[in-house]
Every structure is written in C-alpha cells, then in structure tokens.
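# What the coordinates show
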Amino acid sequence: MSTPCTATPEDDSIELEPPAPHPGDVPRTTTAPVPSGSTAVARWPLIVEARLWRLGMRTGMLIHRLAPPRPPSPSFRLRVPTTLSPRRGRIDLVFYTPQGYRRGSRERWPVIVNFHGGGFVLGGPEDDARWAAAVVSKARAVVVSVGYRRAPENPFPTAVEDGADAMLYLIDHAVELSLDPDRLGTSGFSAGGNMALTATLRLEDALLRRAGSSSQNYTASHRSAVKLIVAWYPPLDYTCPRADRIASCSRPDKTLPAFFTKLFDSSYLHPPRDIMLDSPYLSPGIASDTLLGLLPNELLLYLCRWDMLCAEGERFRNRMKALGKSVGGRTIEDVAHAWDRSPNPLHTDKVMEEVYDEACAEIRRVLKVPSVHDKVTTHAPRDVLDATKRRLLRNEACDSTSTLAVPHHGQDTA
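Keep in mind the model is a prediction, meaning the values are calculated, not measured.

Turning to the environment of Val335, a few remarks are in order. Take Val335: it is sitting in the loop between strand 9 (331–332) and helix 11 (350–366). Apart from residues no more than four positions distant in its own chain, Val335 is found in contact with Cys304, Arg305, Trp306 and Asp307.

Next up, the structure:
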C-alpha cells in the first residue's frame, strides 16, 4: 500500500535486492525477470496502446519542430551496449555539438546528458532538440540525448539503468569523443527529469562499486561525477497517489488526462506487487539524506504551477536546500505540465526562451565554460589521442557508408 505524500525519507537500510556484502551500500536497482510467454501475451494490449500513442506523439513533435527557429538535426549518433541491466540490449546516444567541435580532437568539451520525457513510455531522444540547440549555442556544451529503452516492453528500472550506462560509456570513452568527464551535467524533462536525478544516483552507485567502495565510507567530501542537474517538472514521489497529486494542484483541469497517467503507471511500474514505490531510483524526493548527498551540489529545478507534480517538486527543492545544496530554477506561473512541448508551428514560446537562456547561463557558470574568445578546452595526452585518431581513421576508411565505428563495441548509427 502506498504511503502518504508526506512520507518521510527512508533510512539507509533500504534494500533493493538480496543483501550486498556491505549492508550500508548505495541501494542497487533490481530488474523484474524478463516476462514469461503468458505474461508477455497478457501485456500485448498495453504494448499496442503504447506504440499507437508513440506514433501520435511523434507526429505532434514533428509539428512542434516547425515553429521558428527550426531546431537542429543531430550531429551524429552512437548505439552502445548495455552493461548494468540484466535485460541486455543497446542504447541510442544522439549527439548535438557546438561549432568547432571535432570528434577525436585534443579539445575536451563539457557535456550535458539529456533524458527525454513521455512517462517512461513515449517520446524519443530528438524530442528535446530545442533545448539541445539552446545548450549547444548558449552554453557551448555538447548535448547527448539518451534513447533509453521504454516501458511497457522494458519496465522499471531499465530506463534508470540505461541512463547510468550511457553516462558510464561517455566517461569511459571521453578521449575518443573529445569530452571532459570533469564537466558533466544531466538534464531531463518530466520522466526525463526524474532520470536526471535517479540515473545520477545509479551512476554514483556503479562508480563507487567500481572503486570498491560503498556508502558506508561515503563522506561529505565526496565529489559527484555529475556536477549539475537540470530537472524540468519531474515526478519525484511515486508513493503519492495520483488522486492526491491532483488534489494538491491549483488547476486540476490542467493536469494530464487519466488515460495517460494510467498508461504510464501500468507500463513502467510492473509487476505492481514487486515495485517498491519508495525506491530512490523511482522516488528520489523521499530518498535518504545519505543518498541525496551523492547528488551534485548544484541543481536547477523548474516546476509548473498548474502541474500535479508541483507540490512534490517544491518539497524536494526545500529539502535539498536544507541539505546544503544550491538549488536554482523556479516555479513558472500560469503554465501546465510540459507547456514547452505544445506544438505550435506559428510562433515560439517567449517564456520557454527566457527560462532556457537562464538555465544555459547556469550551465556555463557551473561547468566553467569559457567564452568563445578564450581557450576552450583541456588537452588529452598526445600519445593517447594519436592512437585514437589512427583507430578512428582506420574505421572510417573501412566503412563505405561513412559510419564511424567506436571502440569497445559502440556502434555509430549515423
């Protein structure tokens, strides 16, 4: 049974899988077993419904992209293998790059890893092209939009694991991709805003375990791999029933239709009897203080006043401030959830432009992005880069379709 919306954070003993060697470890995700034939058949109506809505949303986003100025096309794409989830597969990484970026060069660029919205069910990595364009042009950072695997085909916590996997890949291949892993941030919209937080927690878990450490010896001096999180209208507390969320909203008539929220919850929270709604990888808003300490010191949180998620977002903002985090952003008045995604080919949204510019200025500050007149980047060791360039050139020469292969099984898809 769900706990009330005012539920207090869980203590550090929360376990998401059979006890680990260190009881105080950062909780790890558990993925429900791949469904048996009978279960998969029973979920086919839900899968068909989700795929029909994806088609409709794709059409809406095409209309949205017609509004001036037109957002850019991706610079290139990679398809990389998963490592964290028991549900093996591949993740699409869609890159948007600033002017002057050259893959494999000695320049090292800051990077924002972005997660699209859609209730973990709908949407795709190109939905946030306008946001990517703003970050690329005004913050001069590379944007990598993650095509994580969606529910109902891949329920919780697959998306979170894929998000962490994407960041691990970028960190491990920073030299080949000309990225600076010390200037890494995340962003996301709606469900993607949840992932900007939860995938960061999962990444810290993976990095701590890679180093042979645990949350038992975590201290306040810990340096998060992610330096900034920009979360746009995220769901933060799944212990709060939908009815209570709607009741907390100042304009219930502006909230998402029930058929959408039912589709999202039925698809992602499966099997329902096995889902721990207070999991920090699902409900970061009520995670323990210790786990939230693993998040970066700088966060931007943008909420919508007419959103059923606004109240839990404001609780989270206050809590993070009480933990000593710097929390910027704001609650945008007189707008509903995902207001910046409303398709209108006739004009741009001035409020959207204003808050995107505001967020980009903070990205520049936190990630220490110099002006275009300054020396832009840090240099990688020449011997490493020379080897990388030779490998990239060999791959390019061998590929008659101009597809550039990536070391360690990364597959470039454009």
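Our focus in this paragraph is the pairing of strand 5 (residues 179–189). Regular strands place their side chains on alternate faces of the sheet. In terms of burial, strand 5 is largely enclosed, as nine of its eleven residues are buried. Here strand 3 (residues 109–115) runs beside strand 5; their pairing, made up of six bridges, is parallel. Each residue of the ladder has a partner; that of Val113, found in strand 5, is Thr186. Strand direction decides the pairing type here: strand 5 and strand 6 (residues 228–232), joined by five bridges, are parallel. Residue Phe189 lies in a different strand from strand 6, and its bridge partner there is Trp232.

On to the pairing of strand 6, then. Summarising burial for strand 6: five of the five residues are buried, a large majority. Judged by which residues are buried, strand 6 turns out to be covered on both faces: Leu228, Val230 and Trp232 on one side and Ile229 and Ala231 on the other are all buried. As defined by bridge partners, strand 6 adjoins strand 7 (residues 298–304) across five bridges and the pair is classed as parallel. Residue Ile229 lies in a different strand from strand 7, and its bridge partner there is Leu299.

Our focus in this paragraph is the packing of aromatic side chains. Taken as a whole and judged by the stated rule, the model has 18 aromatic pairs. Centroid distance Phe189 to Tyr356: 6.4 Å. Interplanar angle 65 degrees. Geometry classified as edge-to-face. Placement of Phe189 in strand 5 and of Tyr356 in helix 11 is noted, with a sequence separation of 167 residues between them. Judged by relative accessible area, which is 3%, Tyr356 ranks as buried. Taken together, the aromatic side chains of Trp131, Phe189, Trp232, Tyr233, Tyr302, Trp339 and Tyr356 make up a single cluster linked through ring pairs. Directly above the ring of Tyr238 sits Arg245, whose terminal nitrogen or CZ lies 5.0 Å from the centroid. The side chain of Arg341 reaches across the aromatic face of Phe189, ending 4.1 Å from its centre.

The next point concerns a nonpolar patch on the surface. Taken together, the side chains of Trp44, Val48 and Leu52 make up a nonpolar region of the molecular surface, amounting to roughly 300 Å² of accessible area. Along the polypeptide, Val48 turns up in helix 2 (residues 44–64). Given a relative accessible area of 41%, Val48 falls into the partly exposed group.

Reading guide: rules and limits
Residues numbered from 1 in each chain as written. Predicted model: local features only at pLDDT ≥ 70, side-chain atom pairs only at ≥ 80, totals over all residues. Heavy atoms only, no water. Helix = DSSP H or I, 4+ residues; strand = E, 2+ residues; numbered from the N terminus. Contact = heavy atoms within 4.5 Å. Buried < 20%, exposed > 50% of the residue type's maximum accessible area, 1.4 Å probe, protein only. Pairing = 2+ DSSP bridges. Phe/Tyr/Trp six-rings, centres within 6.5 Å; stacked < 30°, edge-to-face > 60°. Lys NZ or Arg CZ within 6 Å of the ring centre and 35° of its normal. Patch = residues over 30% accessible without salt bridge, like charges linked within 9 Å, V, L, I, M, F, W, Y side chains within 5 Å. Areas by Shrake-Rupley, 256 points an atom, 1.4 Å probe, with all protein chains shown as cover. Salt bridge = Lys/Arg side-chain N within 4 Å of Asp/Glu carboxyl O.

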